[in-house]
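Chain and residue survey
Each chain, written out:
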Amino acid sequence: MMEKNKTELLLVHTKLQIKNDTKAPDLSGYGVALPTLTAYEREQGIVTRIYDTSLCTDTYEQIVKKIVEENSLVLGISRITTNYIEEIFEFIDDIRRYGYRGFIFLGGHAATIEYEKCLLECSGCDCVVMGEGEVTIAELVYAIRKKEPWQNIKGIAYVDASGIKRNPLRPLISDIDSIPFMATDLLEQLQEIQGKRNITAYLVSSRGCYKKCSFCSIAAYFDMFEGCRMRYRSVENVFNEMKSLYYAHGIRKFCFWDDTFIIPGKKGIERCHRLAELIKTLPEKISLEIATRVDTISYEVIALLKEAGLKHIHLGIESFIDRDLVLYNKGVTVEQNIEALSILEDLGFSTKVGSKLRIATYLISFNPFTTLEDIRHMIFYFKKYEISPKKQVTFLHVSNYAPIKQKLINNGIKLGLNNEWEFLDERVSYLSEKYYNFVQHAMKTREKLRTLEKSEKYNNDIKLLNEIKLLRENIDNKCTEFLEKLVDYFDNNMRKESIEAFYKKNIDEFNDFVGRRMELEVELLLSQLGDFIIMENLQ
């Protein structure tokens with residue numbers, strides 16, 4: 001018989017590189033998958049806990065020990081990206097080595113798509129939960145609780161003596177209004193760490209994505225299952241969850257983690273209009289943060305959302321080169337990218353870091369076909385829209401199930417064991433390496449400045465904040481200027497020895513610049529900050 005309140009299901013979310021990450025907590029937010037699953041499983045009478053390792057300062061060994069000591073009947077580990085997935089396999093092996101004897105499953109987009117790899121390479125994993133796991137996980141826990149066979153449960157894959165078995169998959173959940181509001185465990189944990197003021201609540205208004213960008217494996221994931229890929233919660237259901245968070249937890253900032261928040265066309269306008277009207281019934285103003293595509297941006301819909309509190313919009317620009325947009329199968333043009341940004345700017349939004357109405361742009365600046373001329377072209381837009389250096393130095397990631405893998409192969413690009421690729425132009429390869437290293441060096445100071453800039457502790461010190469802001473902006477500009485100089489150097493076919501000397505000279509000049517511009521008070525604050533950084537998911 002189960003002990004009262006003993007954890008039956010422990011759901012774990014890990015940092016991307018759990019073994020090599022720093023102990024500094026990532027306080028930028030939390031994922032929505034595990035809180036959603038937790039709410040559903042609790043509704044089914046399952047005692048469920050969440051452990052998000054990114055919100056704690058535990059060492060790797062402490063994380064493993066805590067999981068083992070929890071001694072849950074079932075342990076679920078979520079993985080949405082294939083990056084560093086081997087570390088998760090090692091993580092599970094270590095959990096077993098430290099003495100955990102319960103049932104372990106892997107779930108999430110990456111585990112679903114790579115289920116064979118997970119099962120063959122991770123001996124400590126009992127099964128993979130395929131797709132949307134609400135019902136499947138509940139049935140697994142029931143079976144383990146009653147010590148009954150679990151191998152015939154729909155929606156799982158596992159290994160037996162004859163090899164890998166994949167059971168019939170469950171269809172996608174059609175009525176997502178039927179799923180309970182997310183558990184607030186992680187929200188409350190963030191409030192304990194940072195205080196109740198200024199905390200953002202994360203939620204979703206839809207599931208799925210209606211587009212098929214070639215670099216994304218989401219389409220491959222949803223195509224595995226029967227049912228409509230794109231499903232929406234009713235506006236009333238979304239607002240009721242917001243209202244619950246508003247009154248029960250004092251939340252005034254809401255971030256929607258939908259792949260694309262705005263529905264194209266008339267339906268999207270009507271939906272946004274209805275949500276805006278409901279939000280305006282709340283006693284106090286709130287702020288909204290969303291992600292969407294450039295082809296969903298219209299003056300009318302953004303004006304409606306702005307009136308409801310829209311302050312931050314994430315936009316997948318990807319490139320300002322039409323050839324790249326075709327490669328990425330974005331279904332838009334550079335002209336449309338510029339038009340969307342223009343509409344947002346007309347409504348007071350800005351790509352500038354720290355803006356009150358902020359556009360966070362996302363780019364894939366480098367791919368195998370990138371030329372020096374492409375980089376020159378992109379620099380123009382980096383400057384025009386004041387793109388953060390962190391966003392400038394982004395490389396195409398190729399996953400096994402993303403359509404771009406075959407596209408690259410068809411175009412003569414050789415891929416390595418982990419889908420790594422090389423530039424066709426060796427100069428671009430060397431340039432990108434040097435620029436990446438320069439940006440990494442600059443960001444060490446820049447990130448600490450942003451943490452100070454965002455800290456409520458210094459809200460009233462206008463002189464200090466202006467000083468920090470100016471220095472941070474100058475660091476960003478120095479990075480872009482260095483990239484421009486690098487292109488000139490490589491364009492003139494400079495030898496590697498000369499470029500190495502040029503790189504070192506610019507690093508020294510950057511250090512000297514920061515040293516001269518750093519006022520004593522800021523320097524002191526940065527030294528006190530140490531390694532604690534509020535990670536920015538927005539900049």
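Residues numbered from 1 in each chain as written. Predicted model: local features only at pLDDT ≥ 70, side-chain atom pairs only at ≥ 80, totals over all residues. Heavy atoms only, no water.

**Here's the deal with the side chain of S54**
This is how the line gets drawn: Counting from the N terminus, the helices are the DSSP runs of H or I reaching at least four residues and the strands are the DSSP runs of E reaching at least two. Exposure is judged per residue with a 1.4 Å probe applied to protein chains only, and the accessible area is read against the type maximum: over 50% gives exposed, under 20% gives buried, and values in between give partly exposed. Counted as a polar contact is a pair of N or O atoms within 3.5 Å, where, for protein atoms, one must be capable of donating a hydrogen and the other of accepting one, and residues adjacent in sequence contribute only when both atoms are in side chains.
You can see S54 is positioned in the loop between β2 (48-52) and α2 (60-70). The exposure class of S54 is buried, given its relative accessible area of 8%. Among the polar contacts listed, one links the side chain of S54 to the side chain of D52, at a separation of 2.5 Å.

**Looking at the sheet that holds strand β1 (residues 9-13)**
Heads up, the rule is: Strand pairing requires that DSSP identify at least two bridges connecting the strands. In this analysis, axes come from line fits to C-alpha atoms, helices being fitted only over the stretch in contact, and the angle between any two N-to-C directions falls in the range 0 to 180 degrees. The contact criterion used throughout is that any non-hydrogen atoms of two residues lie within 4.5 Å.
Spatially, seven strands are ordered β2-β1-β3-β4-β5-β6-β7 in an open sheet, and the strand pairing comes out mixed. A strand with exactly one partner marks an edge of an open sheet, and here the two such strands are β2 and β7 (163-166). Across the sheet, the mean angle from the axis of one strand to that of its neighbour is 25°, orientation sign disregarded. With two bridges joining them, strand β5 (residues 127-129) and strand β6 (residues 156-160) adopt antiparallel strand pairing. Paired with V129 across the bridge in β6 is I156. Of the strands in this sheet, β1, β2 and β3 (74-78) are in contact with helix α1 (residues 33-43), which crosses β2 at around 170°. Strands in contact with helix α3 (residues 85-97) are β1, β3 and β4 (103-107); relative to β4, the strand with the most contacts, it is inclined by about 170°.

**So, the pairing of strand β11 (residues 253-256)**
Using the following cut-off: Assignment of crossover handedness uses the view with strands pointing away from the viewer, where a clockwise path from the first strand over the helix to the second indicates a right-handed crossover.
Note: strand β8 (residues 200-203) against β11, four bridges, orientation parallel. Along β11, the bridge assignment pairs A201 with F254. The pairing of β11 with strand β12 (residues 287-292) spans three bridges and is classified as parallel. Bridging from a neighbouring strand, K253 pairs with S287 of β12. In this fold, β11 hands off to helix α10 (residues 265-279), which returns the chain to β12; that crossover is right-handed.

**Considering the nonpolar core**
Note the following rule: Only buried Ala, Val, Leu, Ile, Met, Phe, Trp, Tyr and Cys residues count toward a nonpolar core, and they belong to the same one when joined by side-chain atoms within 4.5 Å.
Counting 127 residues, the largest nonpolar core has F105, W150, M242, F254 and I302 as the members making the most contacts within it. By size, the runner-up hydrophobic cluster in this structure holds 30 residues, among which are V12, Y60, I88 and L106.

**Remarks on the packing of α2 against α3**
Definition in use: Note that the term roughly parallel is reserved for angles under 35 degrees, roughly antiparallel for angles over 145, roughly perpendicular for angles of 65 to 115, and oblique for everything else. Here a crossing is taken to be left-handed if its near helix is turned anticlockwise relative to the far helix by less than a right angle, and right-handed if that turn runs clockwise. Residue type decides the class: Asp, Glu, Lys and Arg count as charged, Ala, Val, Leu, Ile, Met, Phe, Trp, Tyr, Cys and Pro as nonpolar, and the leftover types, Gly among them, as polar.
Across the interface, α2 lies against α3 with an axial gap of 9 Å and an inter-helix angle of 55°. In terms of orientation, α2 lies oblique with respect to α3. In the crossing of α2 with α3, the sense of the turn from one axis to the other is right-handed. Contact residues: Y60, I63, V64, I67 and V68 in α2; E90, F91, D94 and I95 in α3. Per-class residue counts for the contact of α2 with α3 are seven nonpolar, no polar and two charged.

**Description of the pairing of β4**
The buried fraction of β4 is high, at five of five residues. Alignment of β3 against β4, held across five bridges, turns out to be parallel. From the neighbouring strand, I77 faces β4, where its bridge partner is L106. In terms of strand pairing, β4 meets β5 through two bridges, oriented parallel. Directly across from F105, in β5, lies its bridge partner C127.

**What to know about helix α14 (residues 372-384)**
The condition that has to hold: Helix span, expected: 1.5 Å multiplied by one less than the number of residues in the helix.
Between the first and last C-alpha of α14 there are 19 Å, a value that for 13 residues agrees with the 18 Å anticipated at 1.5 Å per step. Among the residues of α14, L372, D374, I375, M378, I379, Y381 and F382 are the ones counted as buried.

**Structural notes on the confidence of the model for the protein chain**
What counts here: Predictor confidence is given residue by residue as pLDDT, running from a minimum of 0 to a maximum of 100.
Summary statistics for the protein chain give a mean pLDDT of 88 and a share of 89% for residues scoring 70 or more. Mean pLDDT per element in the protein chain: helix α20 (residues 520-529) is the minimum at 54, and helix α13 (residues 334-346) is the maximum at 98. Note on residues 529-539: pLDDT is under 50 here. Beyond four places in sequence and across chains, it has 40 contacts.

**Topic: the packing of aromatic side chains**
The following threshold applies: Stacked, edge-to-face and tilted are the three classes for Phe, Tyr and Trp ring pairs, Trp counted by its six-membered ring, which pair at centre distances within 6.5 Å; planes under 30 degrees apart are stacked, over 60 edge-to-face, the rest tilted. Criterion for a charge above a ring: Arg CZ or Lys NZ at most 6 Å from the ring centre, at most 35 degrees from the ring normal.
The tally for this structure, following the rule as stated, stands at 24 aromatic pairs. For the pair F366 and F423, a centre-to-centre distance of 6.1 Å together with 85° between the ring planes defines the contact as edge-to-face. Highlighted residues: F366 in the loop between β14 (358-363) and α14 and F423 in the loop between α16 (404-410) and α17 (426-454), separated in sequence by 57 residues. In this pair, the class of F366 matches that of F423, namely buried. Aromatic side chains F482 and F502 sit 5.8 Å apart centroid to centroid with 15° between the ring planes, which places their arrangement in the stacked category. In this pair, F482 sits in helix α18 (residues 462-491) while F502 sits in helix α19 (residues 496-517), placing the two residues 20 residues apart along the sequence. In terms of burial, F482 and F502 fall into one category: buried. In this structure an aromatic cluster arises from ring pairing among Y435, F438, F482, Y489, F502, Y503 and F510. Sitting over the ring of Y362, K391 keeps its end group 4.0 Å from the ring centre. Over the aromatic face of Y503 sits the side chain of K434, whose NZ or CZ is 4.7 Å from the ring centroid.

**Focus: the sheet that holds β14**
Ordered in space as β8-β11-β12-β13-β14, the five strands form an open sheet in which the pairing is parallel. Each edge of the open sheet carries a strand with a single partner, namely β8 and β14. Direction aside, the axes of adjacent strands within the sheet are offset by 20° on average.

**Examining the packing of α10 against helix α11 (residues 299-308)**
Running from N to C, α10 and α11 cross one another at 15°; their axes reach a closest spacing of 9 Å. One finds that α10 runs roughly parallel with respect to α11. Here α10 runs over α11; the crossing is left-handed. Residues G268, I269, C272, H273, A276 and I279 of α10 pack against E300, V301, L304, L305 and A308 of α11.

**Digging into the state of the cysteines**
Let me state the cut-off plainly: Cysteine sulfur atoms are paired as a disulfide whenever they fall within 2.5 Å.
For the structure on display, the rule yields zero disulfides. Not engaged in a disulfide, the cysteine C122 finds its nearest cysteine sulfur in C125; these two sulfurs lie 5.2 Å apart.

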